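# Close look at the chain arrangement
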Amino acid sequence: MDKKTVDNKNVNKQYYPPVVAVLGHVDHGKTSLLDAIRKTNIAEREHGGITQKIGASEIEIMHDGKKRKITFIDTPGHEAFSHMRTRGVAAADIGLLVVSSVDGVMPQTKESIALLKNSKIPFIVVLTKSDDPNKLPDKAKQQLIKEKVLLEGYGGDVPFIEVSAKEGVNIKELLDLILLVFDLKNEANFYPFDANGAFMGIVIESKMDQRSGPRATVVIKNGKLKVRENIYSDRIKGKVRNMLSDIGKNLQEASVGEAVELLGFEKVPQVGSIVTNTPKELEALIYKDETKSLDPMDMFAEDQNMLSVVLCADTQGSIEAITNSMPEKVKFVIQKTGDIEVSDILFAKSIGAIVLGFNIKVKPEIVTLAKTEKVLIKTYNIIYEMIDEISDF
Ligand code: GDP
């Protein structure tokens, strides 16, 4: 980890709770890890139990002799993560890339790596199931390095830790590592957030409740929000009627790094939308987002002349033929057989990729979604036509 020079004026920087998202392949231990983490909480909780109510949980631990909080987004699901940065702001400050030390890198691990790299947030590799006698952590590390996750001690600066959620091994150490990474980045002014600035939050979960109306879980990225304040999200207005903590406690006020559930929106805001307490702030943010160009040429410029592609084809044979003949500037972030799905569009959007279909049909709702999300889809039936066109991009 490279520690930049600490600016004197930042020595007293406020250390708000880091917001952490957990990503990884299904069954690699994300849920078990979050459960094990919640068990380390030292904060007094009513009824002594853990009664989590919203899509995020807050824990408190002793770190370096101080009480520190960490907020975990419980969403998992890559679709949710993709949504969470639709306006270019990541809901999380730090990512945990969960990789089973038994199974190693799997397809959704690769997807997670692409999402994390694109979100530009720092991340920690968590090798799970360290109690399993069949573990092969070194193999998993080699696979990660092959995927360009440059681990500490292997020529890179991505920290990693082996844990067992089952036996509670290295869980506290992982939490200390999260705070260490967060504090170093914070000292280096990596995070632009400010507890005293204008309020801004990101919706990480939302629903319509029959009895209480629209409910939205919001991660606060900047400033503070109080009950009875006006709230604005896209074209939806509201006024905070109730604000609930992760365990369903009524709050009067919440600040950066905290996740709260808000009641009082007139309609259900979409996951990934930004919430502010003044309409002007929101307009500024959305306007900035909409001015982003979708010209594929700009994508080259953004990612060191690479073009990120989500490829959906009819057969594995087609995939191989296509991936073997594409020019080097094309990076396949997903390659799969089958139709283009909603998650492919959202994933492509989140990392600035285009979607290529080969010998498949595209459903009208996918075309509509791609249009609204401004994702470019192109389909072909002849391989060399696809190669030619993409080579000329
Ligand atoms: P998720 O799909 O990523 O949320 O994975 P889960 O947390 O549901 O875990 C998938 C499976 O791995 C379950 O059968 C867990 O019991 C098992 N598992 C999770 N963590 C550990 C661990 O630390 N050690 C062992 N031996 N098994 C684990």
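This text goes with the structure placed above it.
Residues numbered from 1 in each chain as written. Predicted model: local features only at pLDDT ≥ 70, side-chain atom pairs only at ≥ 80, totals over all residues. Heavy atoms only, no water.

### Considerations on the sheet that holds strand β8 (residues 213-222)
Overall, antiparallel pairing links the six strands, which are arranged β7-β8-β13-β11-β10-β14 in a closed barrel. Pairwise comparison of adjacent strand axes, ignoring direction, gives a mean angle of 45° for this sheet. One ladder, built from four bridges, connects strand β10 (residues 230-233) with strand β11 (residues 236-244); its direction is antiparallel. When the bridges of β11 are listed, Tyr232 appears paired with Lys237. (Pairing = 2+ DSSP bridges. Helix = DSSP H or I, 4+ residues; strand = E, 2+ residues; numbered from the N terminus. Axes fitted to C-alpha atoms, helices over the stretch in contact; angles between N-to-C directions.)

### Some points on the pattern of salt bridges
This structure, assessed with the given rule, holds 13 salt bridges. Residues Asp35 and Arg38 are paired through a salt bridge, measuring 3.0 Å at the closest nitrogen-oxygen approach. Here the residue Asp35 and the residue Arg38 both occupy positions in helix α1 (residues 30-39), the gap between them amounting to three residues, near one helical turn. A residue is classified by how much of its surface remains accessible, and Asp35, at 36% relative accessible area, is partly exposed. You can call Arg38 buried: its relative accessible area is 15%. Where Asp138 meets Lys141, a salt bridge forms, and the shortest distance between an N and an O atom there is 3.6 Å. Of this pair, Asp138 and Lys141 both sit in helix α4 (residues 137-146), three residues apart, roughly one helical turn. (Salt bridge = Lys/Arg side-chain N within 4 Å of Asp/Glu carboxyl O. Buried < 20%, exposed > 50% of the residue type's maximum accessible area, 1.4 Å probe, protein only.)

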